[in-house]
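Tertiary structure, described
The chain contents come next:
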Amino acid sequence: MTEHLRVTRDGQVAVLTIDRPEKRNAMTVGMWAALPAVLAPLADDPGVRALLVTGAGPSFCAGADISDLLGGPDPVDPMAEVRRHNLAAQAALRSFPKPTLAVVRGHCIGGGVELATCCDLRFADPTAVFGVTPAKVGIVYTPASTRALVDLVGPATTKYLLYSGELVDAGTALRTGLVDRLVDADDLDAEAHRFAAVLASRSGLTQRSIKEVVAALADGGDGEALAAARYRETIAAGELAEGVAAFTERRAPRFPWSG
């Protein structure tokens, strides 16, 4: 556990909680810097099959701590340090090799949206509000963060969010594709854990191949070589054989591949 970034386990599901509720879980430069090292052992642990990302208290994450934006050591580019750590944290979460699910309630603003869009999926409850606010403070939004939004909601909604900095409610987020499921507030945690357990029960090799191919397609590739290699691996590892046997025998599969 790193200060303000708390990791717990629920069976094969790891839970990363942004734990700074007195500041609506705003991310300091130190928290951005620490995130890759927090994720690395979870990525390497074969006992972790899925990752939930959430916030302590009534908010997910209110963004980057505003006090850090002009606090860097370089007066010519005072945001250089926070930008570097922010981008590294996003890359670590985006490339996490197992399924990731953001569990969003309350404020999900700025850097909070960056964290949520770096996850594979997003569940929210009706209290969730989303906003991307660089135009409010004169920040030039990075291409990596912009692309994550475009991939989810398309160019027009990306421009709407970035141009205006206005907050949108959970229903609008669901309609535009920023959120994948809207769940009653009382049921959000339980449903997120239930769904994560479902993900943990599926073939990790299939999921890894999907993640790789989707990333390749988003980068303009065709994913054919990646899919072919993973297909050969599923035969060699016995993953396909176990899946077929379990289906035939009407039992839960015990997939052998651990990544």
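Given the structure is predicted, the values throughout are model-derived calculations rather than measurements. (Residues numbered from 1 in each chain as written. Predicted model: local features only at pLDDT ≥ 70, side-chain atom pairs only at ≥ 80, totals over all residues. Heavy atoms only, no water.)

1. Thoughts on the overall build of the protein
On a plain count of helices and strands, the protein comes out with ten helices and nine strands. For 259 residues, the compact-globule estimate of 2.2 N^0.38 gives 18 Å, and the protein sits close to it at 19 Å. Dimensions of the protein, computed from C-alpha atoms along their principal axes, come out at roughly 60 × 40 × 35 Å. Within the protein, the fraction of its 259 residues that count as buried is 44%. Within the protein, counting contacts between residues at least 6 apart in sequence, those at least 24 apart form 68% of the total. Surface accessibility of the protein: about 12500 Å² in total, with carbon and sulfur atoms responsible for 59%. Averaging the locations of the 26 positively and 31 negatively charged side chains of the protein gives two centres separated by 3 Å. (Helix = DSSP H or I, 4+ residues; strand = E, 2+ residues; numbered from the N terminus. Rg over C-alpha atoms; globule rule 2.2 N^0.38 Å. Buried < 20%, exposed > 50% of the residue type's maximum accessible area, 1.4 Å probe, protein only. Contact = heavy atoms within 4.5 Å. Areas by Shrake-Rupley, 256 points an atom, 1.4 Å probe, with all protein chains shown as cover. Lys, Arg positive; Asp, Glu negative; His and termini not counted. Charge placed at Lys NZ, Arg CZ, Asp CG, Glu CD.)

2. Considerations on the sheet that holds strand β5 (residues 107–109)
Taken in spatial order, the three strands of this open sheet run β5-β7-β8, and their pairing is mixed. Each edge of the sheet is formed by a strand with only one pairing partner; in this case those strands are β5 and β8 (168–169). When β5 meets strand β7 (residues 129–131), the two strands line up parallel, connected through three bridges. Across the sheet, residue H107 finds its bridge partner in β7, namely V129. (Pairing = 2+ DSSP bridges.)

The values reported here are purely geometric and, on their own, carry no functional implication.
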